[in-house]
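Here's the letter readout for the chains.
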Amino acid sequence: MPRDRPLQRLTQACDYCRTRKIKCDLRRPSCANCENRSLLCHFSIQQRKRGPRPASDGNKGKGAHDGPDRTILTPQLDTHFSSSQNHRHRLSYAALTSPLPSNSSHVIQHPSPANSAIAAAIPMPSQGSPLSQDFVWPQHLHITSAALFAVIYHELETEVGSLGLDISMPSLARCCVNHFFDCLYPLMPIVYRPKIELGLCLLQPGIERREIDLQVFTLTVALCAIAAAIIPSTIFSEGSLIADKFYRASKRSLELYRETEQPTSSSIAIRYFQSGYTHSVGQPRTTWDELESAIALAQDMRLHEETSYARMDEVESQLCRRIFWVLFTGDKSAGILGKHHITLGRYLLESGITVQYSKSLEGEDPIAPQDSAESVPRLITGFNLNQDLWRAAYLVLLETDTLRDRCRGLEDAENRASRMPTLAELSHLSDLYTAFETSLGNAPTCLRANPTLSLSPATFYFGQENNIPPFSRAFALQRINLQVSYQCLRLVIVQAMTASITPWHTVSPFWPTFLPLNVSPGSGSGSDQPDPALAHGMSELPTRGRESSALLLQKVRIAEDMLYILHTSSLENLRLNGESCVEKIRLVGAAMLEVIDHHADSLVAGIASRFKELYPHILAHLRSKASDSLASHA
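Everything quoted here is computed from the prediction, not taken from an experiment.

## Observations concerning the pattern of salt bridges
Stage number 1. Inspection of every chain in the model, using the stated rule, returns 21 salt bridges.
Stage number 2. A salt bridge links Lys332 to Asp331; the nearest nitrogen and oxygen atoms lie 3.1 Å apart. Neither Lys332 nor Asp331 differs from the other in exposure class; each is buried.
Stage number 3. Glu560 is the salt-bridge partner of Arg557, the closest N and O atoms lying 2.9 Å from each other. A residue pair is termed a helical-turn pair when its members lie 3 or 4 positions apart in one helix, as Arg557 and Glu560 do in helix 17 (residues 549-567) at three residues.
Stage number 4. With a relative accessible area of 37%, Arg557 lands in the partly exposed category.

Dropping the structure here:
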């Protein structure tokens, strides 16, 4: 009997392996070749073609391409002449029902739930948009990745073109990528440049796009979005105009394959870049949602476990390690500065954090100047030092909260005395704080608070002998990130100590010169418990409203150290460190205002008053977009 439709079979290779004509191991959900290249592995249903089929009574009058009518969405560029403009390109989408030629590279799939989800996710052109003209959306449409890409690509090209800039969209994307690797990569080295170069190829006009890797495209435009949003106008004047265009393109593209996505380092980097964009433009709620999405993927991939990296190739392994630690510090920063709950906590991951730090990738280290007296460190050194800093600070704050919560809510003085930290616990806390204070002790000279002070007799110099060439921008950016974070975390720890109402803070080993002799960890009293008389008189201890002058002075010294870091950094490099840097500086400035307002009778308030106008002046020069946005909604 005649067949109503052609035979179908699964191809003996995935789309990528079949196109490259390489052997596919048919592994699901991703073959080895696609997994090693971080590509989305897809097996398409192919028509079996064994030569021309003989005509029969049931199919007489039909063409050589037998079977039901197939519809494909194909972009067509129509050129129109306008009296006001020379030429305008209008994108017109037509539903073509003619069969594809036998040598077509597009794969026609039969309807499936996955295809329906993709079709539903396609961003429809807005009313009045050039894409809305002559837009025909046929029923039972079988979408190809090339057609999906065409929709987003031309929408992006149209939006950027409507700005009237003299630079084309692909050229602007190239500028974004170059600026990212020059200015932002030292702070977030979580992408591999060859993959981004492939994404730039997808943005070039007029090329034949037989294979569209939507994940690579999404990663590239998300990178362009965060670069355009953060890079100051003194470096990239067009950035603020195009950032939202690339961001929207990345969101649309991600929706096309989100449900079928195989998580990789690129998957997390996309969401992290999108979170960075919304953070820089003052959308804190969206920022946290997108950061949580990135963290959820990292947890699904179990990037906190070293064993998860065994089957990854070298590049993917290093990128995933870096991404985990970027998310770890971002999670802690959001908890400290944004008052969000900690997600990647030490006790929140069932197996603990066993992942090791990343190593250098080929070609990412800056070239050392020929006249440099000291060796130039690797770029990954400053990145890993930042993880040391945040991990050490997190352990101090975690221990502080644990001890404070144990005493909180106990009204009975006798019970509170029994729950007070032992001297061993205080000694452990002291060790954690020492580890935090010394976490940057081995930092290279170029990353220290005073980058021109050499501790080597051979390279030490006096002021009039200063002829050391400046360090590269990569290390200047990392120095700002490290030192500003360090001063901010010092303040956070001091505030965590003074905010507590428990009596054990008065015997804190952080300020040993003010400790009573009978509770000093090194007093050798023979008892592991503090003096009970101390707990009996706890109602008379100073509260937050009456902080000791020593603690207030500690805050003022932190503010002075922060000012030295800012004074020895260029304004451009401070802006390149993004909104998180602004938030850390703002936190220190707010602490000085608090000292002035709440402790006006203290001698320390007179010192802090010197900073009353300086910190707002500095913040105004940083041109925080988030601050402007929040102020406009206040």
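## Concerning the environment of Ser280
Stage number 1. Looking at where Ser280 falls in the secondary structure, it is placed in helix 9 (residues 265-280).
Stage number 2. Given a relative accessible area of 7%, Ser280 falls into the buried group.
Stage number 3. In terms of polar contacts, Ser280 uses its side chain to reach the backbone carbonyl oxygen of Tyr277, at 2.7 Å.

## A closer look at the side chain of Asp213
Stage number 1. Summarising the element assignment, Asp213 is placed in the loop between helix 6 (193-202) and helix 7 (214-230).
Stage number 2. Lys195 provides the closest opposite charge to the buried, unpaired Asp213, separated from it by 6.7 Å.
Stage number 3. Of note is the side chain of Asp213, whose polar atom sits 3.1 Å from the backbone nitrogen of Gln215.
Stage number 4. Excluding its chain neighbours within four sequence positions, the residues that come into contact with Asp213 are Leu39 and Leu202.

## Things to note about the packing of helix 9 against helix 10 (residues 284-300)
Stage number 1. Between helix 9 and helix 10, whose axes approach to 8 Å, the crossing angle comes to 165°. On the basis of the axis angle, helix 9 is roughly antiparallel to helix 10. Here helix 9 runs over helix 10; the crossing is left-handed. Contacts between helix 9 and helix 10 involve Ser267, Ile268, Arg271, Tyr272, Gln274, Ser275, Thr278 and His279 from the first element and Thr286, Thr287, Glu290, Leu291, Ser293, Ala294, Leu297 and Ala298 from the second.
Stage number 2. Grouping the amino acids of the contact of helix 9 with helix 10 by side-chain chemistry returns six nonpolar, eight polar and two charged.

## Details of the side chain of Arg322
Stage number 1. Relative to the assigned elements, Arg322 resides in helix 11 (residues 314-337).
Stage number 2. A distance of 3.1 Å separates a polar side-chain atom of Arg322 from the backbone oxygen of Pro189.
Stage number 3. Apart from the residues within four sequence positions on either side, Arg322 is in contact with Tyr185, Pro189, Ile190, Ser358, Lys359, Ser360, Leu361, Glu364, Ile380 and Phe383.

## Observations regarding the packing of helix 15 (residues 473-498) against helix 19 (residues 578-598)
Stage number 1. As a packed pair, helix 15 and helix 19 sit with axes 9 Å apart at the nearest point and diverge in direction by 40°. Looking at the two axes, helix 15 sits oblique to helix 19. As for the relative orientation of helix 15 and helix 19, their crossing is left-handed in sense. Only Cys581, Lys584, Ile585, Leu587, Val588, Ala591 and Glu594 of helix 19 make contact with helix 15, whose side of the interface consists of Ile480, Asn481, Val484, Ser485, Cys488, Leu491, Val492 and Gln495.
Stage number 2. Residues that form the contact of helix 15 with helix 19 fall into these classes: ten nonpolar, three polar and two charged.

## Points about the nonpolar core
Stage number 1. Core analysis: the largest hydrophobic core is formed by 82 residues, its most contacted members being Phe180, Val191, Phe246, Ile268, Phe273 and Leu327.
Stage number 2. Ranked by residue count, the leading element in this core is helix 7, at 13 residues.
Stage number 3. Setting aside residues no more than four positions away along its own chain, Phe246 makes contact with Leu156, Met169, Ala173, Val221, Cys224 and Ala225.
Stage number 4. Formed by 28 residues, the second largest nonpolar core is a distinct cluster that contains Ile558, Cys581, Val595 and Ile596.

## A closer look at helix 7
Working note: α-helix, 3.6 residues per turn, so residues spaced by three or four point in the same direction.
Stage number 1. End to end, helix 7 covers 24 Å across 17 residues, agreeing with the expected 24 Å (1.5 Å per residue, within 8%).
Stage number 2. Along helix 7, 17 of the 17 residues are buried, which leaves the element largely enclosed by surrounding structure.
Stage number 3. At the N-terminal boundary of helix 7, the capping side chain belongs to Asp213, with an oxygen 3.1 Å from the backbone nitrogen of Gln215.

## Focus: the packing of aromatic side chains
Given two aromatic rings, one states the distance between the centres and the angle between the planes to describe the pair.
Stage number 1. Evaluated as defined, the whole model comprises twelve aromatic pairs.
Stage number 2. With a centroid separation of 5.0 Å and 75° between ring planes, the pair formed by Phe324 and Trp325 is classed as edge-to-face. This pair shows no difference in class: Phe324 is buried, exactly as Trp325 is.
Stage number 3. Ring plane angle 90° and centroid distance 6.0 Å describe the contact between Phe328 and Tyr394, whose orientation is recorded as edge-to-face. With Phe328 in helix 11 and Tyr394 in helix 12 (residues 379-407), the pair connects residues that are 66 residues apart, well separated along the chain.
Stage number 4. Phe328 gets classed as buried once you look at its relative accessible area, which sits at 2%.
Stage number 5. For Tyr394, a relative accessible area of 12% puts it in the buried group.
Stage number 6. Members of the aromatic cluster, each reached through a chain of ring pairs, are Phe324, Trp325, Phe328, Tyr357 and Tyr394.
Stage number 7. We note Lys332 situated over the ring of Phe328; from NZ or CZ to the ring centre the distance is 3.7 Å.

## Details of unusual backbone geometry
Stage number 1. At Leu26, a position not held by glycine, the phi torsion is positive, near 60°.
Stage number 2. Mapped onto the elements, Leu26 comes out in the loop between helix 1 (15-20) and helix 2 (32-36).
Stage number 3. The exposure class assigned to Leu26 is partly exposed, which follows from its relative accessible area of 37%.
Stage number 4. A positive phi is found at Arg302, a non-glycine position, where the angle reads about 55°.
Stage number 5. Within the secondary structure, Arg302 sits in the loop between helix 10 and helix 11.
Stage number 6. The class for Arg302 is partly exposed, based on a relative accessible area of 29%.

## Examining the environment of Ser570
Stage number 1. Checked against the element boundaries, Ser570 lands in the loop between helix 17 and helix 18 (571-576).
Stage number 2. In the structure, Ser570 is positioned 94 residues away from Ala476 in sequence and 8.8 Å away in space, judged by C-alpha atoms.
Stage number 3. Separated by 3.1 Å, the side chains of Ser570 and Asn573 make a polar contact.

## Some words on the confidence of the model for the protein
Stage number 1. Mean pLDDT over the protein works out to 74, with 65% of the residues at or above the 70 mark.
Stage number 2. Every residue in residues 56-142 is under pLDDT 50, and counting partners more than four places away or in other chains gives 141 contacts.

## Some remarks on the environment of Met312
Stage number 1. Within the secondary structure, Met312 is located in the loop between helix 10 and helix 11.
Stage number 2. Its relative accessible area of 21% is what places Met312 among the partly exposed residues.
Stage number 3. With 276 residues separating them along the chain, Met312 and Asn36 place their C-alpha atoms 7.2 Å apart.
Stage number 4. Met312 has contacts with Met301, Leu303, Ser317 and Cys320, leaving out every residue within four places of it along the chain.

Each value, and the rule that gives it
Residues numbered from 1 in each chain as written. Predicted model: local features only at pLDDT ≥ 70, side-chain atom pairs only at ≥ 80, totals over all residues. Heavy atoms only, no water. Salt bridge = Lys/Arg side-chain N within 4 Å of Asp/Glu carboxyl O. Buried < 20%, exposed > 50% of the residue type's maximum accessible area, 1.4 Å probe, protein only. Helix = DSSP H or I, 4+ residues; strand = E, 2+ residues; numbered from the N terminus. Polar contact = N/O pair within 3.5 Å; in protein donor to acceptor, adjacent residues only side chain to side chain. Lys, Arg positive; Asp, Glu negative; His and termini not counted. Contact = heavy atoms within 4.5 Å. Axes fitted to C-alpha atoms, helices over the stretch in contact; angles between N-to-C directions. Parallel < 35°, antiparallel > 145°, perpendicular 65-115°, else oblique. Left-handed = near helix turned anticlockwise from the far one by under 90°. Nonpolar A, V, L, I, M, F, W, Y, C, P; charged D, E, K, R; others polar. Core = buried A, V, L, I, M, F, W, Y, C linked by side-chain atoms within 4.5 Å. Expected span 1.5 Å × (residues − 1). Phe/Tyr/Trp six-rings, centres within 6.5 Å; stacked < 30°, edge-to-face > 60°. Lys NZ or Arg CZ within 6 Å of the ring centre and 35° of its normal. pLDDT = per-residue confidence, 0-100.

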